[in-house]
Amino acid sequence: MKCGVIGLPNVGKSTLFNAITQAGAEAANYPFCTIEPNTGIAAVPDRRVDALAGMFHPKKTTYAMVEFVDIAGLVKGASRGEGLGNKFLSHIREVDALVHVLRCFDDPNVIHVDGGVDPVRDAGIVALELILADLETVSKRLERARKTTRPGDAKAALEIGLAERAIAHLEAEKPMRTLAMTEDEQAVARGWFTLTDKPVLYAANISETDVGAPEEQLPCVKELRALASGEGAELMTISARVESEIAVMDANEKAMFLEELGIGESGLDRFAKASYKLLGLVSFLTAGADECRAWTIRRGTKAPQAAGKIHTDFERGFIRAEVVPFDTLTREGNMAACREKGLVRSEGKDYEMKDGDVTLFRFNV
């Protein structure tokens, strides 16, 4: 599962990407410093894994991971191939969700490609280029469907009707993710591989002096909050410069620095968690003397398929899942106490795994 980090040039994308992933991508004060996408992996902080490690004292502790892709900055006209437009758009098609970094700080030493700080305008530039690219994609699908459809072809008629509605929606400068669709229509739309149907997290890149300030005191962020709410996107504030400093600190230094800033959790921790949620992911947990681990699955995954994440034999020979919620386990203190009180549930093949399920899979091959 990949999150693409996007935005205009010089908004702090690569600085933030490096802070998250320690990948060492070049970050410089000129447009198109990033050309080919950089890829890095970030752990998703999870207090539940830490608590299980304290309980079981395992040889190894493993967190869930998110893959981030730092994509070249976009400019006006990208949908027509301006700047690195064609490359930019092709790289976006390959990711599952978008983290849109927006500049919310003034710095005369950092060039702004559009002359001044206006994150809502910047968001609109990127959104419009993605919408124009989708408009071209859907128009081609509509033209093809009209040419090949035969009388009585219900599937083709469905695609034509949906494409006509989608074109009107896009022409109104609205993203595909806000278009109401039935399940059958959603199945058709997935085959179009549009850009604006991907979930979006707006990352408001604020100055060091604004870290910890109430949102009401940050006009740019308030405006972005309204924008995100209107289009079903998420928003968080983060200072890429501060986070790049935190990323190289040891645990004690980090804790002291966060306390000085008056915040309980680093922006990177919040960022990784928000991105994980954006992708529609949850974690089930396994615990023992060898390893305590968070396993990544899509929300709604059934128990056998979750077992298959550990090993294909677990899915093939699935018998049952023995499940106790994390909060129950920590309240009781250990698995033995949970079993004694009948708090460990036995779940079958139709069980949908829940976030935080501490699970033991029984199987036979």
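Shown above is the structure to which this text applies.
Quick caveat, the model's predicted, so the values are computed rather than measured.

**Here's the deal with the pattern of salt bridges**
Next up, step 1: Tallied over the full model, the rule gives 21 salt bridges.
Next up, step 2: One salt bridge in this structure joins Lys-59 and Asp-290, with 3.6 Å as the shortest N-O distance. Here Lys-59 is found in the loop between α2 (47–56) and β3 (60–62), whereas its partner Asp-290 is found in the loop between β8 (281–286) and β9 (291–298), with 231 residues between them in sequence. When sorted by exposure, Lys-59 lands in the same class as Asp-290, which is exposed.
Next up, step 3: Through salt bridges with shared partners, a single ionic network connects Arg-320, Glu-322, Arg-339 and Arg-362.

**Side note on the sheet that holds strand β7 (residues 234–238)**
Next up, step 1: Taken in spatial order, the six strands line up as β2-β4-β1-β5-β6-β7 in an open sheet, and their pairing is mixed. On the outer flanks of this sheet lie β2 (38–43) and β7, each paired with one strand and no other. Sheet twist, expressed as the average angle between the axes of neighbouring strands with direction ignored, equals 25°.
Next up, step 2: Most of the contacts of helix α4 (residues 119–148) go to strand β5 (residues 97–103), to which it runs at about 145°, and overall it touches β1 (2–6), β5 and β6 (200–205).
Next up, step 3: Across the sheet, helix α10 (residues 267–278) lies against β1, β2, β4 (65–70), β5, β6 and β7, angled at about 165° from β7, the strand it touches most.

**A closer look at the nonpolar core**
Next up, step 1: Grouped together as the largest cluster of nonpolar side chains are 68 residues, with contacts concentrated most on Leu-16, Phe-68, Tyr-202 and Phe-271.
Next up, step 2: In this structure Tyr-202 touches His-100, Leu-102, Ala-123, Arg-177, Leu-227, Ala-228, Glu-231, Ala-233, Glu-234, Leu-235 and Met-236, once residues within four positions along its chain are discounted.

**A short note on the packing of helix α5 (residues 154–171) against helix α6 (residues 183–190)**
Next up, step 1: The interhelical angle for the contact between α5 and α6, taken along N-to-C directions, is 80°, at an axis separation of 10 Å. The pairing of α5 with α6 is recorded here as roughly perpendicular in orientation. Of the residues in α6, those touching α5 at Leu-158, Glu-159, Leu-162 and Arg-165 are Asp-184, Glu-185, Val-188 and Ala-189.
Next up, step 2: The class makeup of the residues in the contact of α5 with α6 is four nonpolar, no polar and four charged.

**Side note on the packing of aromatic side chains**
Next up, step 1: Per the stated rule, a full pass over the model turns up five aromatic pairs.
Next up, step 2: Aromatic pair Phe-284 and Trp-295: ring centres 6.3 Å apart, planes at 10°, arrangement stacked. Of this pair, Phe-284 sits in strand β8 while Trp-295 sits in strand β9, placing them 11 residues apart in sequence.
Next up, step 3: Considering the side-chain rings of Phe-284 and Phe-361, the 5.7 Å spacing of their centres and the 90° angle between planes classify their relative orientation as edge-to-face. Of the two residues, Phe-284 sits in strand β8 while Phe-361 sits in strand β12 (residues 357–363), which places them 77 residues apart along the sequence. Here Phe-284 matches Phe-361 in class, with each residue buried.
Next up, step 4: What links up through ring pairs into an aromatic cluster is the set Phe-284, Trp-295, Phe-318 and Phe-361.
Next up, step 5: Positioned above the aromatic ring of Phe-105, the side-chain terminus of Arg-103 is 4.7 Å from the ring centre.
Next up, step 6: Here the basic side chain of Arg-293 rests over the ring of Trp-295, its NZ or CZ set 3.8 Å away from the ring centre.

**Section: α5**
Next up, step 1: An ideal rise of 1.5 Å per residue puts 26 Å on 18 residues; α5 measures up with 26 Å between its terminal C-alpha atoms.
Next up, step 2: Looking at α5, one finds that the buried residues are Ala-156, Glu-159, Ile-160, Leu-162, Ala-163, Ala-166, Ile-167, His-169 and Leu-170.
Next up, step 3: Buried residues belonging to α5 abut α4 and α6.
Next up, step 4: Two to three positions downstream of the cap, the backbone nitrogen of Lys-155 sits 3.2 Å from a side-chain oxygen, assigning the N-cap of α5 to Asp-153.
Next up, step 5: Immediately downstream of α5, the backbone of Glu-173 shows phi near 60°, a positive value.

Rules used throughout
Residues numbered from 1 in each chain as written. Predicted model: local features only at pLDDT ≥ 70, side-chain atom pairs only at ≥ 80, totals over all residues. Heavy atoms only, no water. Salt bridge = Lys/Arg side-chain N within 4 Å of Asp/Glu carboxyl O. Helix = DSSP H or I, 4+ residues; strand = E, 2+ residues; numbered from the N terminus. Buried < 20%, exposed > 50% of the residue type's maximum accessible area, 1.4 Å probe, protein only. Pairing = 2+ DSSP bridges. Axes fitted to C-alpha atoms, helices over the stretch in contact; angles between N-to-C directions. Contact = heavy atoms within 4.5 Å. Core = buried A, V, L, I, M, F, W, Y, C linked by side-chain atoms within 4.5 Å. Parallel < 35°, antiparallel > 145°, perpendicular 65-115°, else oblique. Nonpolar A, V, L, I, M, F, W, Y, C, P; charged D, E, K, R; others polar. Phe/Tyr/Trp six-rings, centres within 6.5 Å; stacked < 30°, edge-to-face > 60°. Lys NZ or Arg CZ within 6 Å of the ring centre and 35° of its normal. Expected span 1.5 Å × (residues − 1). Polar contact = N/O pair within 3.5 Å; in protein donor to acceptor, adjacent residues only side chain to side chain.

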